[in-house]
Amino acid sequence: MVQYNFKRMTVVPSGKDFIDIILSRTQRQTPTVVHKGYAINRLRQFYMRKVKYTQTNFHEKLSTIIDEFPRLDDIHPFYGDLLHVLYNKDHYKLALGQINTARNLISKIAKDYVKLLKYGDSLYRCKSLKVAALGRMCTVIKRIGPSLAYLEQIRQHMARLPSIDPNTRTILICGYPNVGKSSFINKITRADVDVQPYAFTTKSLFVGHTDYKYLRYQVIDTPGILDRPFEDRNIIEMCSITALAHLRAAVLFFLDISGSCGYTIAQQAALFQSIKSLFMNKPLIIVCNKTDLQPLEGISEEDMKLVTEMKSEAMKTVIGQGGEAANDDGVLLTMSTLTEEGVISVKNAACERLLNQRVELKMKSKKINDCLNRFHVAMPKPRDHKERPVCIPQAVLEARAKQAAEKEKRTTEKDLENQNGGAGVYSASLKKNYILAHDEWKEDIMPEILDGHNVFDFVDPDILIRLEELEQEEGLRQAEVANDVEMGGMELTPEEQKTLAEIRKKKSLLIHQHRIKKSTAESRPTVPRKFDKDREFTSKRMGRQLSALGIDPSMAINRARSRSVSMRGRKRERSVNDGNGSGSDMEDTPNKKLRSMSRPRSRSRSRPPTDVVPGDGFKDSDQKSKALDKARKSVKNRNKNARRGEADRECLAKNVDLCFVGKELCCFISCSIDWRMRDAKMVSTELSFSPCFIVLIPVAVLDQRYALMTLLLVLLFFFFNSLAVQFKFCFYNLGGIVCFYLYCT
């Protein structure tokens with residue numbers, strides 16, 4: 001079975017893109033370096049390879065386009081006529097023919113130029129032939145640019161076509177516009193066709209799939225058809241006509257008996273009569289839709305007569321095995337897609353009719369004779385006349401009865417709602433499933449929770465009054481504590497109480513400031529204490545503050561100084577020798593004398609920090625020293641190295657004077673033609689490098705003769721200084737600028 005999948009077709013590039021793709025591939029995939037010193041055979045092979053490779057790429061690309069596009073004479077007639085309706089078969093074939101012609105021309109051009117390259121006698125001639133060959137190939141591609149653009153549009157449109165299998169089981173829906181075809185396919189399949197209350201909402205074929213008796217059926221929704229001559233129908237209507245003409249399917253002709261589609265039953269019957277020739281040898285079903293607006297029995301006699309005639313025409317498509325019409329069941333059906341009444345019966349009837357017809361056709365074919373001898377249907381025969389009823393175990397019967405009883409007894413909330421007045425009247429109780437000791441407690445306003453009492457029984461009615469009394473008593477006690485402060489068993493005088501209040505206030509203020517500083521510690525910059533005047537703690541500041549409070553600061557200052565000296569530690573004083581030591585050291589300096597007179601004291605041997613102690617986790621001292629170095633560097637503040645921040649990547653030039661060591665320098669001598677510059681100005685600069693000696697001579701003169709004179713002066717300078725000079729000299733006249741190029745060693 002042939003599968004048509006137009007979505008896999010390769011994109012067709014435009015003429016310019018086509019050329020860019022091929023030439024860039026040739027440049028990447030072939031050698032690019034050639035020299036005129038190569039042998040002539042090597043040069044010929046180099047350019048012949050480029051021409052052949054370009055021709056091969058063009059040929060492959062164009063062949064892919066020709067092979068992937070379907071040939072209308074080789075595909076199914078349904079797709080052939082559909083493509084003819086959409087794109088015009090003649091234009092389609094003409095575009096593919098031009099692509100084929102271009103492919104042949106490119107092959108011929110490559111063949112001719114390869115033959116000429118065999119006789120190329122120089123690099124220039126071979127290159128010219130290669131350029132000519134590639135240019136002619138690109139010209140051919142440019143000429144077929146419109147055909148490539150047309151084929152790309154066709155490819156995009158074909159990729160949007162639905163995947164329809166012309167040979168599978170198919171149900172085709174047709175009729176006037178806005179009669180309910182798209183609504184029906186949305187109901188029986190998972191398709192999502194747009195449904196709107198105006199005509200020609202569906203402008204192309206749409207496909208959905210449904211199942212019946214474990215078989216897959218494809219359902220095709222066709223655009224609406226109008227009753228007019230064949231030559232006056234547009235492309236949208238011709239898509240439906242093409243599907244009716246070429247697909248072997250069950251046809252559902254939809255009839256809107258309510259007239260809400262904008263067309264009367266007479267107009268729809270006329271359309272049926274005009275296209276009934278397309279229904280031959282196909283199962284046909286007349287579907288009367290929108291019965292929710294107008295039942296079939298309520299239409300007029302004239303319309304009923306037309307419907308009956310359509311039914312009789314549909315009966316002719318019901319062909320029995322004997323060639324006579326069978327029963328008329330499933331020929332005229334009614335349904336409503338709005339209420340979904342009769343939708344499934346219409347689908348089942350169409351699938352059953354189509355399945356029966358396909359089975360009959362297969363039974364009449366010659367292939368069935370090859371298959372019948374492979375099948376054997378065994379029918380059971382009774383061995384005696386004894387009846388053997390069905391035996392079901394008693395346990396199974398009891399379980400079924402119990403399950404049925406539970407289903408009958410169970411009452412849902414929906415049933416209770418219907419029994420008690422319906423929605424808005426009945427309110428479901430959320431407390432009926434509470435697990436309590438007594439069921440009558442469930443509907444209490446506040447359920448009883450402890451010894452027959454609820455929460456309200458434990459509430460004191462005078463609790464608010466008592467709470468106010470407790471708050472007043474607490475306030476009085478706090479006032480008494482604040483007023484009756486004792487220090488060492490003695491009551492404070494009013495001045496002392498005032499001082500204590502100020503101290504407490506100052507303490508609370510300091511605590512508050514500390515909390516603020518602690519909360520902003522991360523964002524606050526770190527300032528050394530010697531520069532922070534606000535945090536400078538000195539004895540003078542302490543003395544001023546204590547004096548302001550009326551306290552003598554002398555004792556506090558002395559105590560602070562003594563503590564600071566003890567904490568810093570004093571130098572160990574040297575004890576005087578009692579005469580046991582030798583007197584030879586007494587003649588040395590005082591430090592040596594004190595050191596000799598000091599008593600030796602024992603102390604433990606210092607251990608280097610890199611020594612490995614068991615339990616540190618280091619295998620040797622080298623590893624420990626490296627770890628200590630990393631730890632020391634990690635806690636060290638980052639040095640910005642005069643950068644603005646982490647993103648500063650500016651690298652300033654270092655040692656600029658060494659950049660010119662041993663280099664060749666150009667000395668430009670500007671000769672402007674200006675009447676104001678009559679005097680020659682010369683500035684000489686000497687830069688001494690090892691191993692070179694370079695002289696820079698920026699000169700501004702009026703005429704080139706002065707430049708030559710300046711050069712002679714330089715040579716005389718080297719001569720009189722007895723220097724062995726080797727230099728290279730070049731002179732350039734650049735239209736007003738004289739350039740001397742010197743390299744001195």
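Structural data are supplied above this passage.
Residues numbered from 1 in each chain as written. Predicted model: local features only at pLDDT ≥ 70, side-chain atom pairs only at ≥ 80, totals over all residues. Heavy atoms only, no water.

Caption draft 1: Seen up close, the overall build of the chain. Looking only at helices and strands, the chain features 21 helices and 15 strands. Looking at the chain as a whole, 28% of its 745 residues qualify as buried. Sequence-distant contacts in the chain: of pairs separated by 6 or more residues, those separated by 24 or more amount to 64%. Accessible surface for the chain amounts to roughly 53,500 Å². Of this, 54% is attributable to carbon and sulfur atoms. (Helix = DSSP H or I, 4+ residues; strand = E, 2+ residues; numbered from the N terminus. Buried < 20%, exposed > 50% of the residue type's maximum accessible area, 1.4 Å probe, protein only. Contact = heavy atoms within 4.5 Å. Areas by Shrake-Rupley, 256 points an atom, 1.4 Å probe, with all protein chains shown as cover.)

Caption draft 2: Layout of the nonpolar core. With 109 residues, the main nonpolar core has F69, F184, L244, L252, F253 and F279 as its most contacted residues. A total of 11 residues in this core trace back to one element, the largest contributor, which is helix α4 (residues 89–117). Discounting residues that sit within four places of it in the chain, L244 has contacts with L172, C174, I225, V251, I275, L278, F279 and K282. (Core = buried A, V, L, I, M, F, W, Y, C linked by side-chain atoms within 4.5 Å.)

Caption draft 3: Structural view of unusual backbone geometry. Even without a glycine there, the phi angle at K290 is positive, about 65°. Its place among the elements puts K290 in the loop between β5 (284–289) and α10 (301–315). Even without being a glycine, E340 presents a positive backbone phi close to 60°. Looking at the secondary structure, you find E340 in the loop between β6 (332–334) and α11 (343–364).

Caption draft 4: Inspection of the pairing of β5 at higher detail. In terms of residue burial, β5 counts as a mostly covered element, since 6 of its 6 residues are buried. Of the two faces of β5, both are covered, the one formed by L284, I286 and C288 as well as the one formed by I285, V287 and N289. Here strand β4 (residues 250–256) pairs with β5 via 6 bridges, running parallel. For V251, the partnering residue across the bridge sits in β5 and is L284. Following the backbone out of β4, through helix α9 (residues 265–274) and into the adjacent parallel β5, one traces a crossover that is right-handed. Strand direction decides the pairing type here: β5 and β6, joined by 3 bridges, are parallel. Bridge pairing links C288 to T334 in β6. (Pairing = 2+ DSSP bridges. Right-handed = clockwise from strand over helix to strand, strands pointing away.)

Caption draft 5: Highlighting the sheet that holds strand β2 (residues 206–212). One open sheet accounts for 6 strands, arranged β2-β3-β1-β4-β5-β6; its pairing is mixed. The strands lining the two open edges of the sheet, one partner per strand, are β2 and β6. Recorded for the sheet is a direction-independent mean angle of 25° between the axes of neighbouring strands. Note that strand β1 (residues 170–175) and β4 share 5 bridges and pair parallel. Residue pairing across strands places L172 opposite V251, the latter belonging to β4. Its contacts with the sheet place α9 against β1, β4 and β5, and it is angled at close to 160° to β4. (Axes fitted to C-alpha atoms, helices over the stretch in contact; angles between N-to-C directions.)

Caption draft 6: Seen up close, the pattern of salt bridges. Tallied over the full model, the rule gives 16 salt bridges. In this structure, the salt-bridge partner of R233 is E237, at a minimum N-O distance of 3.9 Å. The partner of K276 in a salt bridge is E313, with the nearest N and O atoms 3.6 Å apart. With K276 in the loop between α9 and β5 and E313 in helix α10, this residue pair connects regions lying 37 residues apart in the sequence. Three or more residues are tied together by salt bridges with common partners; here these are R228, R233 and E237. (Salt bridge = Lys/Arg side-chain N within 4 Å of Asp/Glu carboxyl O.)

Caption draft 7: Representation of the packing of aromatic side chains in the model. All told, the structure shown has 11 aromatic pairs when counted by the stated rule. The interplanar angle of 65° and the centroid separation of 6.3 Å between the aromatic rings of Y212 and Y217 together place this pair among those described as edge-to-face. Where F272 meets F279, the ring centres are 5.6 Å apart and the plane angle is 40°; that geometry is what we call tilted. With a relative accessible area of 1%, F272 lands in the buried category. Assessed through its relative accessible area of 2%, F279 is described here as buried. Taken together, the ring pairs in this structure connect F6, F78 and Y79 into an aromatic cluster. A cation over an aromatic ring shows up here: R42 above the ring of Y38, its NZ or CZ 3.7 Å from the ring centre. The ring of Y217 is capped by R169, whose NZ or CZ atom sits 5.7 Å from the centre of that ring. (Phe/Tyr/Trp six-rings, centres within 6.5 Å; stacked < 30°, edge-to-face > 60°. Lys NZ or Arg CZ within 6 Å of the ring centre and 35° of its normal.)

Caption draft 8: Local environment of the packing of helix α7 (residues 181–188) against α11. Close contact between α7 and α11 brings their axes to 10 Å; oriented N to C, the two are set at 85°. The angle between α7 and α11 places the two elements in the roughly perpendicular class. Between α7 and α11, the residues in contact are F184, K187 and I188 and V343, V346 and K347, respectively. Its residues assigned to classes, the contact of α7 with α11 shows 4 nonpolar, no polar and 2 charged. (Parallel < 35°, antiparallel > 145°, perpendicular 65-115°, else oblique. Nonpolar A, V, L, I, M, F, W, Y, C, P; charged D, E, K, R; others polar.)

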